[in-house]
Amino acid sequence: MASTSTSSSSSGEEETSNGRYLIVWPRRGPLIDVLRFLIWNDGPLITSFIESSDNMSGLNGGDHRWIIVISIIIRRILSFIGKPLERMGFFIEFFLNLLSENGNILGLVYNIVRGRVVFPQRDSETFISTIGHLDGRIDLYKGDFTEKTGVSSDSGIEIGTRVLMDLCMMASKLAYENAKVVRNIVVHHWKMHFVDFYNGWNDFQKERSTQVFILCDKPKDASLILISFRGTEPFDADDWSTDFDYSWYEIPRLGKVHMGFLEALGLGNRTNVVTFQEYLQIGVHSSKHMHSDSPDSAENSCDGAEHPSSGATTSNSHSYLKHEKCIPQEITAYYAVRSKLRSLLKEHKNAKFVVTGHSLGGALAILFPTVLLLHKEEEIMQRLLGVYTFGQPRIGDRQLVRYMEAHVNYPVPRYFRVVYCNDLVPRLPYDDKTFLYKHFGVCLYYNSFYIEQKVEEEPNRNYFGPEFLIPGYLTAVWELIRSLIMGQIYGPEYKEGWLSILLRVVGLALPGISAHSPTNYVNSIRLGREQT
């Protein structure tokens, strides 16, 4: 099918040569057409939901059409419950902070009687996210990792050590918090240097929905720069919809890349597909011709071009992308972080950088150096220490795998993908010959007993394997029982609160959801042991 979008490009040939794409639109047709497509495999019925740069070769295969249908149905449901879910999350976060600010339920009752209730203030140093309440640990691990890793504590920034892995996981968890909380924990608890916090613009969602922060281990002559992307927020339907999205954009010579993750980094907008090609092609030249990535230089040189944050439509976005100086770097996660990283690497001559994230943040963490490679940022990439992701979804196809393996895992591995047990998110998007998504990197897989295995791919790679159904539910029961006695077995640091236990109960219905909790990843790193 030729593209039906009038805003994508004036020429179908130009689209194909510059970058093929496939977009799954979940709400462009009646749901009955999706169900009819599932039952009768009537190809034309699905074309209202699929936009493609070519003839969608292979998309209507009978063995795989249910994947398209499940994706569309889940995303329609998420779209329908998006606002109620957001309101529920707002209330739950407020209530959790109300309890914590007043000393839990008894303290709240006591303060109500006295008329001295402390009301939480959003975006304050004391307002903690739902993820933060789910796992309240904020300090880095102070125990001895030596017997688990064979490295001494003074080599903590070496790639592959549990000291670094623990820092990355805690930073990935911290990325869910607001800027003031992040700064407070980095400076006062970790005794490190807080650099900056960004709210990156997503032009498809029309909001600043990509959060990322940067720290250094020291303010002067730093050895380590860490970049941490925020992951999927529990009550954000757009985040979950991105995880279940199967849309891709093909970058010539690089491969097919998940379109939603490119949008999250601020590198395009599917309603105007040509923007992906323009952003990415501009970046190739930017490393050679742009002398400054600073927001001021970008903003002052756009000659009146409209800015996305000022309400510009996607059709107008084409105008400010036409000139490389007009990239809105100050509001997109990729360009803002790249700009700051350049200046930090110049300031700290001996520093290397590591990128990390949990869930959706993990996808952005590995996509960030992928685009740096695409943009020929050799000097920056020479300073890459490594990438650690936790519960990360797939980001691209086999061609992308080959490209990245050659650049980040040769001659030594620098990309480590940590997966806990039955976590659903690393099994997304579906890995099959229809949608082509593949994982890469060194997979550190932890089972429910925190035993670590280095594997090419986690077991049950697509989650829906029938042979894993009963073991999955049995594991969920075991995880619930274990959560009640973690404090007694491993010490008070590992005691799980009522919110975490409640999530384990939810996991009895869908084990992959509770397994995605950051609690499991912190425990895996700190309690994990290699398989003998």
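Residues numbered from 1 in each chain as written. Predicted model: local features only at pLDDT ≥ 70, side-chain atom pairs only at ≥ 80, totals over all residues. Heavy atoms only, no water.

Visitor: Could you give me a rundown of the overall build of the chain, with the residues and numbers involved?
Guide: When its secondary structure is counted, the chain shows 22 helices and 13 strands. Relative to its full complement of 532 residues, the chain shows a buried share of 58%. Across the chain, contacts joining residues at least 24 apart in sequence account for 74% of those joining residues at least 6 apart. Per element, the accessible surface of the chain, about 22,700 Å² overall, is 57% carbon and sulfur. (Helix = DSSP H or I, 4+ residues; strand = E, 2+ residues; numbered from the N terminus. Buried < 20%, exposed > 50% of the residue type's maximum accessible area, 1.4 Å probe, protein only. Contact = heavy atoms within 4.5 Å. Areas by Shrake-Rupley, 256 points an atom, 1.4 Å probe, with all protein chains shown as cover.)

Visitor: I'd like to hear about the pairing of strand 4 (residues 207-216), residue by residue, with values.
Guide: Of all ten residues making up strand 4, eight are buried, and the element is well covered by its neighbours. Pairing of strand 3 (residues 193-202) with strand 4 involves nine bridges; the strand directions are antiparallel. Across the sheet, residue Phe197 finds its bridge partner in strand 4, namely Phe213. Between strand 3 and strand 4, which pair antiparallel in sequence order, lie four residues; one of them, Lys206, sits at a positive phi of approximately 60°. As paired strands, strand 4 and strand 5 (residues 224-229) are joined by five bridges and run antiparallel to one another. Each bridged residue has a counterpart across the sheet, and for Phe213 the counterpart in strand 5 is Ser228. (Pairing = 2+ DSSP bridges.)

Visitor: Describe helix 8 (residues 162-174), and please don't skip the residues or the numbers.
Guide: Compared with an ideal rise of 1.5 Å per residue, which puts 13 residues at 18 Å, helix 8 spans 18 Å between its outermost C-alpha atoms and is within 8% of the ideal. Most of helix 8 is tucked away, with twelve of its 13 residues classed as buried. Among all positions of helix 8, only Arg162, Leu164, Met165, Asp166, Leu167, Cys168, Met169, Met170, Ala171, Ser172, Lys173 and Leu174 are buried. (Expected span 1.5 Å × (residues − 1).)

Visitor: Tell me about the packing of aromatic side chains, residues and numbers included.
Guide: This structure, assessed with the given rule, holds 14 aromatic pairs. An angle of 20° between the planes, with centres 5.2 Å apart, marks the rings of Tyr388 and Phe416 as stacked. Within this pair, whereas Tyr388 is found in strand 9 (residues 384-390), its partner Phe416 is found in strand 10 (residues 415-420), the two being separated by 28 residues in sequence. Note on accessibility: Tyr388 and Phe416 belong to one class, buried. (Phe/Tyr/Trp six-rings, centres within 6.5 Å; stacked < 30°, edge-to-face > 60°.)

Visitor: An account of unusual backbone geometry is requested, with residue identities and associated values reported.
Guide: Cis geometry is adopted by the peptide bond preceding Pro411, which originates at Tyr410 and carries an omega value of 5°. Structurally, Pro411 is set in the loop between helix 18 (398-408) and strand 10. Of note in the backbone geometry, Arg253 takes a positive phi value of approximately 75° without being a glycine. Tracing the backbone shows Arg253 in the loop between strand 6 (248-251) and strand 7 (255-258).

Visitor: Before we move on, could you go through the sheet that holds strand 1 (residues 21-24) and cite the residues and values that matter?
Guide: Across a sheet, strands are paired by hydrogen bonds formed along the backbone, either parallel or antiparallel in direction. Strand order in the open sheet formed by four strands is 2-1-6-7, and the pairing between neighbours is antiparallel. Whereas interior strands pair on both sides, the edge strands pair on one side only; in this sheet they are strand 2 (50-52) and strand 7. The average undirected angle you get between the axes of adjacent strands in this sheet is 20°. In terms of strand pairing, strand 1 meets strand 2 through three bridges, oriented antiparallel. Within the sheet, the bridge partner assigned to Val24 lies in strand 2 and is Ile50. (Axes fitted to C-alpha atoms, helices over the stretch in contact; angles between N-to-C directions.)

Visitor: I'd love a proper account of helix 18, names of residues and values included.
Guide: Buried residues of helix 18: Leu400, Val401, Met404 and Val408, and no others. Along helix 18, the residues classed as buried sweep out an arc of 100° about the axis, all on the same side. Considering only its buried residues, helix 18 is in contact with strand 7, helix 16 (360-374), helix 17 (378-381) and strand 10. (Arc of directions from axis to C-beta.)

Visitor: Go over the pattern of salt bridges with me, naming the residues and quoting the values.
Guide: Enumeration according to the criterion identifies 24 salt bridges in this entry. A salt bridge links Asp166 to Arg526; the shortest N-O distance between them is 2.7 Å. With Asp166 in helix 8 and Arg526 in helix 22 (residues 518-527), this pair connects stretches of sequence that are 360 residues apart. With respect to class, Asp166 is no different from Arg526; both count as buried. A salt bridge links Glu377 to Arg338, with the nearest nitrogen and oxygen atoms 3.1 Å apart. Residue Glu377 is located in the loop between helix 16 and helix 17, and its partner Arg338 is located in helix 15 (residues 333-347); the two are separated by 39 residues in the primary sequence. Taken together, the shared-partner salt bridges in this structure form one network comprising Arg20, Glu250, Lys256 and Asp397. (Salt bridge = Lys/Arg side-chain N within 4 Å of Asp/Glu carboxyl O.)

Visitor: Provide a residue-level description of the nonpolar core, including the pertinent values.
Guide: Among the nonpolar cores identified, the biggest contains 59 residues, and Ile227 and Phe353 are the most heavily contacted of them. Top contributing element to this core by residue count: helix 16, with eleven residues. Residue contacts for Phe353: discarding those within four places in its chain leaves Ile225, Ile227, Leu341, Leu345, Leu372, Ile380, Arg383, Leu384, Leu385 and Gly386. With 43 residues, the next largest nonpolar core counts Leu215, Phe416, Cys421 and Tyr521 among its residues. (Core = buried A, V, L, I, M, F, W, Y, C linked by side-chain atoms within 4.5 Å.)

Visitor: So, the sheet that holds strand 11 (residues 442-446): which residues are in play, and what are the values?
Guide: Strand order in the open sheet made by the nine strands is 3-4-5-8-9-10-11-12-13, with mixed pairing throughout. At either end of the open sheet lies a strand with only one pairing partner, and these are strand 3 and strand 13 (529-530). Of the strand pairs in this sheet, strand 11 and strand 12 (residues 451-455) are connected by four bridges, and their pairing is antiparallel. Counted as the bridge partner of Leu444 is Lys454 from strand 12. Along the sheet face, helix 22 touches strand 8 (352-358), strand 9, strand 10, strand 11 and strand 13 and points at about 115° away from the line of strand 10.

Visitor: Mind laying out the environment of Pro26, listing which residues take part and the relevant values?
Guide: If you trace the backbone, Pro26 turns up in the loop between strand 1 and helix 2 (31-40). For the pair formed by Pro26 and Arg75, sequence separation is 49 residues and the distance between their alpha carbons is 6.3 Å.

Visitor: If you had to explain the packing of helix 19 (residues 469-490) against helix 20 (residues 498-506) to someone new, which residues and values would you point to?
Guide: At a minimum axis distance of 9 Å, the contact between helix 19 and helix 20 shows a crossing angle of 165°. Judged by the inter-axis angle, helix 19 sits roughly antiparallel to helix 20. Crossing handedness for the pair helix 19 and helix 20: left-handed. Counting all contacts with helix 19, which are made through Glu479, Leu480, Arg482, Ser483 and Leu484, the residues of helix 20 involved are Ile501, Arg504 and Val505. Taken together, the residues of the contact of helix 19 with helix 20 sort by class into four nonpolar, one polar and three charged. (Parallel < 35°, antiparallel > 145°, perpendicular 65-115°, else oblique. Left-handed = near helix turned anticlockwise from the far one by under 90°. Nonpolar A, V, L, I, M, F, W, Y, C, P; charged D, E, K, R; others polar.)

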